[in-house]
Amino acid sequence: MTNTLYDALIAPHANNTQPFMDCDDGQTVSYAGFVQRVAQLAHVLRDAGVQPGDRILVQAPKTADTIALYGAAIQAGAVYLPLNTAYTQSELSYFAEDATPRLIICDTKDFARIDAAFDVPVLTMAADGSGTLADAGDAANTSFETVSRAPDDLAALLYTSGTTGRSKGAMLSHKNLLSNARSLTDLWEIGDKDRLIHALPIFHTHGLFVAMNTSLLAGAQVRFMQAFNQDAVIAELPKSTMLMGVPTFYTRLLDDPRLTRELCANMRLFVSGSAPLLAETHTAFEQRTGQRILERYGMTETNMITSNPFAGDRIAGTVGYPLPGTEVIITDPDTGAPVPAGDIGMIEVRGDNVFQGYLNMPEKTREELRETGFFITGDLGVAADDGRISIVGRQKDLIISGGYNIYPKEIEDVINDVDGVLESAVFGVPHPDFGESVLAAVILEPEATVTSDEIAAQVTAELARFKHPRRYIMRDALPRNTMGKVQKNLLRDEYGV
Ligand code: MCA
Ligand code: AMP
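One structure accompanies this document, and this report is about it.

Definitions and limits used
Residues numbered from 1 in each chain as written. Chains lettered and ligands numbered in written order. Predicted model: local features only at pLDDT ≥ 70, side-chain atom pairs only at ≥ 80, totals over all residues. Heavy atoms only, no water. Helix = DSSP H or I, 4+ residues; strand = E, 2+ residues; numbered from the N terminus. Rg over C-alpha atoms; globule rule 2.2 N^0.38 Å. Buried < 20%, exposed > 50% of the residue type's maximum accessible area, 1.4 Å probe, protein only. Contact = heavy atoms within 4.5 Å. Areas by Shrake-Rupley, 256 points an atom, 1.4 Å probe, with all protein chains shown as cover. Near = heavy atom within 4 Å. Polar contact = N/O pair within 3.5 Å; in protein donor to acceptor, adjacent residues only side chain to side chain. Nonpolar A, V, L, I, M, F, W, Y, C, P; charged D, E, K, R; others polar. Salt bridge = Lys/Arg side-chain N within 4 Å of Asp/Glu carboxyl O. Core = buried A, V, L, I, M, F, W, Y, C linked by side-chain atoms within 4.5 Å. Pairing = 2+ DSSP bridges. Axes fitted to C-alpha atoms, helices over the stretch in contact; angles between N-to-C directions. Parallel < 35°, antiparallel > 145°, perpendicular 65-115°, else oblique. Expected span 1.5 Å × (residues − 1).

**Notes on the overall build of the protein**
Argument step 1. Across its full length, the protein holds 15 helices and 24 strands.
Argument step 2. Here the C-alpha atoms of the protein give a radius of gyration of 23 Å, agreeing with the 23 Å that 2.2 N^0.38 yields for 497 residues.
Argument step 3. On the principal axes, the C-alpha backbone points of the protein span a range of 65 × 55 × 50 Å.
Argument step 4. Each of the 497 residues in the protein was classed as buried or not, and the buried ones make up 58%.
Argument step 5. Intrachain contacts of the protein at a sequence separation of at least 6 include 66% that bridge at least 24 residues.
Argument step 6. On the protein, roughly 20,100 Å² of surface is accessible, and the fraction owed to carbon and sulfur atoms is 50%.

Given below as structure tokens:
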């Protein structure tokens, strides 16, 4: 019986008594204890009716059991579907209808509303790890017969918003996840002497796959924090060797006078990704700590694509070289033909890391994933003569706030549905903490009296807090070019500081 991810990430630790996750409450989960907990939760999944290939939808707090649940899904041959804990019921309904999960695991405090809305079993988990999932797990056997899974079988389904306003479920196989974990572990020289500060959420590629899969593969120790907590990170730096974060982590640390060279003396790697790291942040961090942040680039659909070298020049403003086994080409966005080194074009990527397509969206998949296997990222970049990639912009209309991706169309759709609104344009402006923040320009129908507070109330009811425009600008018209296309760059210039 083989199971690609289980055999590589989890099975080797059956007799490993070393610590795996050090949690906020002072509890430590050993590697061997983790393997047993995974088996217990795999029993819970099967007892709840989960069959190989079924999807389990998880909108739960960040606890050690949530990671064990991910492992359990792998061992039971299920497909793990994690969701941002900030998503509203309306957002959740979309994902549940699209993914048709066999089981939902949610925060205990949300049980009543979620159980009432969906016709599938619902188990609970609270922030302290308690709940019906843990109770059933405690009573289950600590060994489970691993379900066979081939490299191309699906392991996870991660939703990523789209320019059309509809989120797309990226189907990720065992091979997609394992190949990337292997490349990163090798490249960043992660080993069982490492101790990673884990302060990212675990419902995205960065916190779940980049951070946890590499740690599992290497047998590294993880200081598992429920969220980014500045004091806790500062306290852990002298005892740890690695931090993975979004640029906001680094700008916040730089604002803290406690961040010094001595504090970071034990650290060997700071990784940044999910959003552009400003060259000035890179430089300021090096001046203060003597450490050069390693920037890498990836996407939900592709896992990690490029990375600055571990040994070698980490150049601010570049995202480094394609990972081993990953091909990157820069193409003319109109024709798809490769452009010469030094020319700006569309970043396209091919390799074992590239996903299997979007669930229930064959046309969308065909538009973005070429028959040749190249995935069209929507990011614009340039390759230097030696293949080093720099991202220079995005063709897709996307805002990245604190590492979370926000597609304006989704917010515009909600605003435009409000009675009295004629149209709107949602755009990003620079923000000192989050990199970008969201603003909305709104045009009302003649004689309409709807207020920005009423529009905000509708947005609040439907969309997660991090997507909410921080300001609604009521205007008479939107700036348009001669083709009639809204010129968001002019709005950015007018309202950005
Ligand atoms: C929190 N808020 C936000 C964000 N986070 N608003 C906009 N953008 C955000 N990212 C809201 C809160 O709801 C709150 O609202 C207010 O901002 C202040 O919250 P605060 O306590 O300051 O925030 P925080 O809890 O400290 O969170 C900031 C954070 C967090 C640590 C930067 O957003 C975070 O962990 N981001 C990482 C996201 C991530 O993992 N991305 C990877 C995606 P109120 O106004 O009600 O107080 S994977 C990916 O992108 C690809 C594949 C890749 O390459 O990795
Ligand atoms: P996601 O929706 O989480 O898949 O976000 C992927 C997007 O994040 C990419 O298409 C890029 O636009 C952006 N991204 C990720 N890493 C970086 C980086 N290091 N620099 C700039 N943009 C990045």
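**Structural notes on the site of ligand 1**
Argument step 1. Residues in close proximity to ligand 1 total 24 residues, the closest being Arg252, Ser274, Arg296, Ser401 and Arg465.
Argument step 2. Note that a nitrogen atom of ligand 1 is positioned 2.9 Å from one of the backbone N or O atoms of Gly402.
Argument step 3. One of the side-chain N or O atoms of Arg465 is found 2.5 Å from an oxygen atom in ligand 1.
Argument step 4. Taking 1,000 Å² as the accessible area of ligand 1 by itself, protein coverage stands at 73%.
Argument step 5. Mapped by element, the contributors of at least two residues to the shell around ligand 1 are α8 (205-218), α10 (247-254) and β13 (294-299).
Argument step 6. Among the residues making up the shell around ligand 1, the classes are represented as ten nonpolar, ten polar and four charged.

**Some remarks on the pattern of salt bridges**
Argument step 1. Applying the stated rule across the entire model yields 33 salt bridges.
Argument step 2. Across the pair Arg149 and Asp153 runs a salt bridge whose closest N-O atoms are separated by 3.8 Å.
Argument step 3. Ionic pairing is found between Glu368 and Lys364, a salt bridge with its closest N-O pair at 3.8 Å. Of this pair, Glu368 and Lys364 both sit in helix α12 (residues 362-368), separated by four residues, roughly a single helical turn.
Argument step 4. One salt-bridge network, in which partners are shared between bridges, spans Asp22, Asp24, Arg195, Arg223, Glu236 and Lys239.

**A short note on the nonpolar core**
Argument step 1. Counting 69 residues, the largest nonpolar core has Met21, Phe34, Leu45, Ile56, Leu69 and Ile105 as the members making the most contacts within it.
Argument step 2. If sequence neighbours within four positions are ignored, Ile56 has contacts with Leu45, Val50, Leu69, Ala73, Ala78, Val79, Tyr80, Leu81, Leu103 and Ile105.
Argument step 3. Counting 39 residues, the second-largest nonpolar core is a separate cluster that includes Ile197, Phe249, Leu254 and Leu294.

**What about the pairing of β13?**
Argument step 1. Counted residue by residue, β13 has five buried out of six residues, so it is predominantly covered.
Argument step 2. Where β13 lies against strand β14 (residues 303-307), four bridges are found, and the strand directions are antiparallel. Each residue of the ladder has a partner; that of Arg296, found in β14, is Ser307.
Argument step 3. Once β13 ends, the chain turns through three residues before running back antiparallel as β14.

**Things to note about the side chain of Glu91**
Argument step 1. Here Glu91 lies in helix α4 (residues 89-99).
Argument step 2. Among the residues examined, Glu91 registers a relative accessible area of 5% and is labelled buried.
Argument step 3. Within the structure, the side chain of Glu91 is placed 2.9 Å from the backbone nitrogen of Ala464, a separation counted as a polar contact.
Argument step 4. Excluding residues that lie within four positions of it along the chain, Glu91 makes contacts with Ala86, Glu410, Glu462, Leu463, Ala464 and Lys467.

**Considering the packing of helix α7 (residues 174-187) against α8**
Argument step 1. Remark: α7 packs on α8, axes separated minimally by 9 Å, with the N-to-C direction vectors making an angle of 75°. Relative to α8, the element α7 lies roughly perpendicular. Residues Leu177, Leu178, Ala181, Arg182, Leu184 and Thr185 of α7 form the contact with α8, whose own contacting residues are Phe209, Val210, Asn213, Thr214, Leu217 and Ala218.
Argument step 2. Taken together, the residues that form the contact of α7 with α8 break down as eight nonpolar, three polar and one charged.

**Points about the sheet that holds strand β12 (residues 269-272)**
Argument step 1. Read from one edge of the open sheet, nine strands run β2-β1-β10-β9-β11-β12-β13-β14-β15, paired in mixed fashion. Both outer strands of the open sheet, β2 (28-30) and β15 (321-322), are each paired with one neighbouring strand and no more.
Argument step 2. Note: strand β9 (residues 195-198) against strand β10 (residues 221-224), four bridges, orientation parallel. Bridge assignment links Ile197 to a residue of β10, and that residue is Arg223.
Argument step 3. Packing against the sheet, helix α3 (residues 64-75) makes contact with β1 (19-23), β2 and β10, and its axis sits at approximately 140° to β1.

**Concerning the environment of Thr372**
Argument step 1. With respect to the secondary-structure elements, Thr372 resides in the loop between α12 and β18 (375-383).
Argument step 2. With 22 residues separating them in the primary sequence, Thr372 and Arg350 have C-alpha atoms 8.4 Å apart.

**Notes on α7**
Argument step 1. The first and last C-alpha atoms of α7 sit 20 Å apart over 14 residues, in line with the 20 Å expected at 1.5 Å per residue.
Argument step 2. Of all 14 residues that make up α7, ten are buried, and the element is covered over most of its length.
Argument step 3. Taken residue by residue, α7 has His174, Asn176, Leu177, Leu178, Ser179, Asn180, Ala181, Ser183, Leu184 and Thr185 as its buried positions.
Argument step 4. Residues of α7 that are buried sit in contact with α1 (4-10), α3, β7 (154-160), β8 (168-173), α8 and β14.
Argument step 5. Following α7 by one or two positions, Glu189 adopts a phi angle in the positive range, close to 55°.

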